[in-house]
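Listed here are the chains, written in short residue letters.
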Amino acid sequence: MASNGNGEFSFDSKRRSGLPKIQTQKTDDDNVVCHDDSATPVKAQTLDELHSLQKKKSAPTTPIKSPHAFGVAVSEEERQKQQLQSISASLASLTRETGPKVVKGDPARQAETPKVAQSHATHHHHAPTLNISDSALKFTHILYNLSPAELYEQAIKYEKGSFITSSGALATLSGAKTGRSPRDKRVVRDETTEKDLWWGKGSPNIEMDEQTFLINRERAVDYLCSLEKVYVNDQFLNWDPNNRIKVRIVSARAYHSLFMHNMCIRPTAEELEEFGTPDFTIYNAGQFPCNRYTHYMTSSTSIDVNLARKEMVILGTQYAGEMKKGLFSLMHYLMPMRQILSLHSGCNMGKGGDVALFFGLSGTGKTTLSTDHNRYLIGDDEHCWSDHGVSNIEGGCYAKCIDLSREKEPDIWNAIKFGTVLENVVFEEHTREVDYADKSVTENTRAAYPIEYIPNAKIPCVGPHPKNVILLACDAFGVLPPVSKLNLAQTMYHFISGYTALVAGTEDGIKEPTATFSACFGAAFIMLHPTKYAAMLAEKMKKHGATGWLVNTGWSGGSYGSGRRIKLAYTRKIIDAIHSGALLNANYKKTEVFGLEIPTELEGVPSEILDPMNTWPDKKAHKDTLLKLGGLFRKNFEVFTNYKIGTDNNLTEEILAAGPNF
Ligand SMILES: Nc1ncnc2c1ncn2[C@@H]1O[C@H](COP(=O)(O)OP(=O)(O)OP(=O)(O)O)[C@@H](O)[C@H]1O
Ligand SMILES: O=C([O-])CC(=O)C(=O)O
Ligand SMILES: [Ca+2]
Ligand SMILES: [Mn+2]
């Protein structure tokens, strides 16, 4: 480099004659043609042709069935037509004479010849000219049971806020709502539900009439049909083959379709061919609000369940958990009708076949503690207990990920990979590395992944009768012991009480932990009176000799604000001792007020923390807080004192006596 004297610089003039000439190898034979590489050229004349080579058409899902004796085998083409007709019927307006024209495939792919189906299921005796409107002239494209890879592409191309994280998960935003909206959940009250369901004070079933449901249904269906394309998932609930439920989910977002792909049970190609008519349908028009002028509507959000029509409509919330928990509510109705108990619980099984249930409200540790490297995971959130044992309702897990750490929860950490939906997390702009500590969007950040992403998942997700029933409470007051052994009456008392401190965010509007009582550890999802479920649980626990436990995964050494949350490592040791049977034979002492049996020693856990009284620096504050919580329990239970639990009056008396005594 040289200076030109003006303080500027230029390259040395001798080197400015450009790049040196490439010295090609001198060959003896000048006729040899020079190639870029030695590969054989592609078999395409144009770029379009080249692109068409890239994708292999999937073979028909199963070979055409061997013809029936009377020759009524269904051809692949006929089957496709029936499937589209079924979807068109699902999307049919109730006031126009036919379902919409639906066509399979992505509208972006023009080349595909559309297979059109139009449902004539309703009123086809009407003159077709009666209700002509623009909506009758347009097509709605159906993206049917897309694969995770296809849904990733859809989300990234069309949905703002969709990104691939460094571990391969799909980061999404659920919009304004980042938790469920229980005050906007309504159930149609008709002749049947009037007598079957639990209504009134304390019930999660806020009533609406059939007519209003139809108005909201029409609003959702019109919205969905106005779109260029909708996603349709046909899937199953419940791993118990005798009690499997077929669900159809119609949604506007790839995020919702992938979420349900992960959370429901995925049908095989053969099962999908035989799917037929769904037992229940969800219309998720969450991006579109309900109409505040509609009767009963108190906000722009409405989640409506109609058991008679076997339908659910979602307006005004994109939080995907509404679909998951809406279906759970359905199961809380359908299963007890078949003498099967539905449970808001996690479930796992030891190598020796011992099954444990983990009950608890949101954020108490069902997912964290049922995901245990030394045990088989049956499921993390929703189960059924029938005469044959337990079965998971779902095909995936929905883990909280706030402050998730690789060290403390390795299996959940590793499950967050390609295919997993990561809701409302914050990531580094360039590396796309997720910062699990960041609460900028919400505290209720979540990961939804298929259950087989957990290495020791038990598939099929079923198991024998439970040996241990663990009730989890996240006690923000810090006065419940880390573990207590319960007798049957105490188990029922605490099951019906359903105490915890709600951890921020999962339900709309809750920002800090507060004491909460939620019957059956899931009052937001039950449909019948809590005593119905309690009686079934008591009967099953008695019959199969299960032991009840109360585990506080919340505060120790003081209330929220002064004490600290019990170390996850200690809770895991406690759970290990329950599973192994070691805790069953420990020495116990009884606590005051709650009368709980607590162990004096437990391997791997400092003995002084086993009795909360020892961990509080201020003994008077401890006693006051204990009495305060006891009072809250007593007050909460008042509404249940007039109910009989099961057929045995003695049990009712015992349960009423099993609460705090002071
Ligand atoms: N001692 C503890 N025991 C259990 N969980 C703990 C403990 N300390 C902290 N945690 C954290 O509490 C959270 C428990 O949430 P988890 O996902 O298990 O809730 P959940 O009961 O499955 O709720 P939901 O029904 O909403 O899914 C996790 O984020 C976990 O890391
Ligand atoms: O439903 C949700 O949003 C998350 C969940 O599991 C619960 O709250 O129990
Ligand atoms: Ca969970
Ligand atoms: Mn849950």
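What counts as what
Residues numbered from 1 in each chain as written. Chains lettered and ligands numbered in written order. Predicted model: local features only at pLDDT ≥ 70, side-chain atom pairs only at ≥ 80, totals over all residues. Heavy atoms only, no water. UniProt positions renumbered as here; feature names shortened; annotations may be inferred. Donors = N, O, S within 2.8 Å, 3.2 Å for Na, K, Ca; no water. Helix = DSSP H or I, 4+ residues; strand = E, 2+ residues; numbered from the N terminus. Buried < 20%, exposed > 50% of the residue type's maximum accessible area, 1.4 Å probe, protein only. Core = buried A, V, L, I, M, F, W, Y, C linked by side-chain atoms within 4.5 Å. Domains from an automatic or database assignment. Contact = heavy atoms within 4.5 Å. Phe/Tyr/Trp six-rings, centres within 6.5 Å; stacked < 30°, edge-to-face > 60°. Lys NZ or Arg CZ within 6 Å of the ring centre and 35° of its normal. Pairing = 2+ DSSP bridges. Near = heavy atom within 4 Å. Polar contact = N/O pair within 3.5 Å; in protein donor to acceptor, adjacent residues only side chain to side chain. Areas by Shrake-Rupley, 256 points an atom, 1.4 Å probe, with all protein chains shown as cover. Nonpolar A, V, L, I, M, F, W, Y, C, P; charged D, E, K, R; others polar.

In the nomenclature of an unreviewed UniProt entry, the protein is known as phosphoenolpyruvate carboxykinase (ATP) of Nicotiana tabacum. Here is the UniProt Catalytic activity (unreviewed entry) comment for the protein, exactly as written: "oxaloacetate + ATP = phosphoenolpyruvate + ADP + CO2". What UniProt records for the protein under Subcellular location (unreviewed entry) is the sentence "Cytoplasm".

S.K.: Mind showing me how you'd approach the coordination of the calcium ion (ligand 3) here?
M.R.: Metal coordination angles have textbook ideals: 109.5 degrees for a tetrahedral set of four donors and 90 or 180 degrees for an octahedral set of six. Around the calcium ion (ligand 3), the donor atoms from the protein are Thr367 (OG1) and Tyr398 (O), and they sit 2.1 to 3.2 Å away. In this structure, the calcium ion (ligand 3) lies 4.8 Å from the manganese ion (ligand 4). Taken together, the residues span a long stretch of sequence, with Thr367 in helix H9 (residues 366–370) and Tyr398 in strand S20 (residues 396–400) at a distance of 31 residues. Taking relative accessible area as the criterion, Tyr398 reaches 5% and is therefore assigned buried.

S.K.: Just to check I follow, could you spell out the nonpolar core for this structure?
M.R.: The tendency in soluble globular proteins is for nonpolar side chains to be buried side by side. Ile282, Leu327, Phe359, Leu422, Tyr449 and Ile655 are the most contacted members of the largest nonpolar core, which totals 120 residues. There are two domains that each give this core at least three residues, and those are domain 1 (141–460) and domain 2 (465–656). Leaving out residues up to four positions away in the same chain, Leu327 has contacts with Leu237, Val247, Met260, Cys264, Phe280 and Ile282. Membership of the second largest hydrophobic core comes to 28 residues, among which are Leu84, Leu91, Phe236 and Ala252.

S.K.: Just checking my understanding: could you explain the packing of aromatic side chains for this structure?
M.R.: To describe a pair of aromatic rings, one takes the distance between the centres and the angle between the planes. Applying the stated criterion across every chain, the model contains 17 aromatic pairs. An angle of 35° between the planes, with centres 4.4 Å apart, marks the rings of Tyr152 and Phe418 as tilted. One end of the pair, Tyr152, is in helix H3 (residues 148–158); the other, Phe418, is in the loop between helix H10 (410–415) and strand S21 (421–423), with 266 residues separating them in the sequence. Its relative accessible area of 44% is what places Phe418 among the partly exposed residues. A ring pair is formed by Phe517 and Phe633, whose centres lie 5.0 Å apart and whose planes are at 85°; its orientation type is edge-to-face. Taken as a pair, Phe517 in strand S29 (residues 514–517) and Phe633 in helix H15 (residues 619–637) lie far apart in primary sequence, 116 residues in all. For Phe517, a relative accessible area of 23% corresponds to the partly exposed category. Residue Phe633 is classed as buried on the basis of its relative accessible area, which comes to 0%. Here the aromatic residues Tyr493, Tyr499, Phe517, Phe594, Phe633, Phe637 and Phe640 are joined through ring pairs into a cluster of three or more. Taking the ring centre of Tyr158 as reference, the NZ or CZ of Lys229 above it sits at 3.3 Å. The ring of Tyr398 is capped by Arg446, whose NZ or CZ atom sits 4.8 Å from the centre of that ring.

S.K.: Sorry, what's going on with the pairing of strand S16 (residues 355–359) here?
M.R.: When a strand is regular, its side chains alternate between the sheet's two faces. For S16, the tally of buried residues reaches five of five residues, placing the bulk of the element in the interior. As judged from the five bridges shared by strand S15 (residues 341–349) and S16, these two strands associate in the antiparallel manner. The partner of Gly346 across the bridge, within S16, is Phe358. Two successive antiparallel strands, S15 and S16, enclose a turn made up of five residues, where Gly353 displays a positive phi of approximately 90°. Where S16 lies against strand S26 (residues 466–473), five bridges are found, and the strand directions are parallel.

S.K.: In this structure, what is going on with the site of ligand 1? I would like to understand it.
M.R.: In the vicinity of ligand 1 lie 20 residues, with Ser362, Gly363, Lys366, Glu409 and Arg446 positioned nearest. Asp381 is positioned with one of its side-chain polar atoms (N or O) 3.1 Å from an oxygen atom of ligand 1. Thr571 has a polar side-chain atom sitting 2.9 Å from a nitrogen atom of ligand 1. Notes on ligand 1: free accessible area 640 Å², of which the protein chains cover 91%. Contributions of two or more residues to the shell around ligand 1 are made by H9, S20 and helix H13 (568–580). By residue number, the principal contributor to the shell around ligand 1 is H9, which donates three residues. Residues that form the shell around ligand 1 fall into these classes: four nonpolar, nine polar and seven charged. Counting contributing residues, the shell around ligand 1 receives three or more from each of domain 1 (141–460) and domain 2 (465–656).

S.K.: Hey, could you run me through the coordination of the manganese ion (ligand 4) in this one?
M.R.: Coordination of the manganese ion (ligand 4) by the protein comes from Lys325 (NZ), His344 (NE2), Asp381 (OD) and Asp381 (OD), over a distance range of 2.3 to 2.7 Å. Of note, the donors binding the manganese ion (ligand 4) are all from one chain and are spaced K-x18-H-x36-D.

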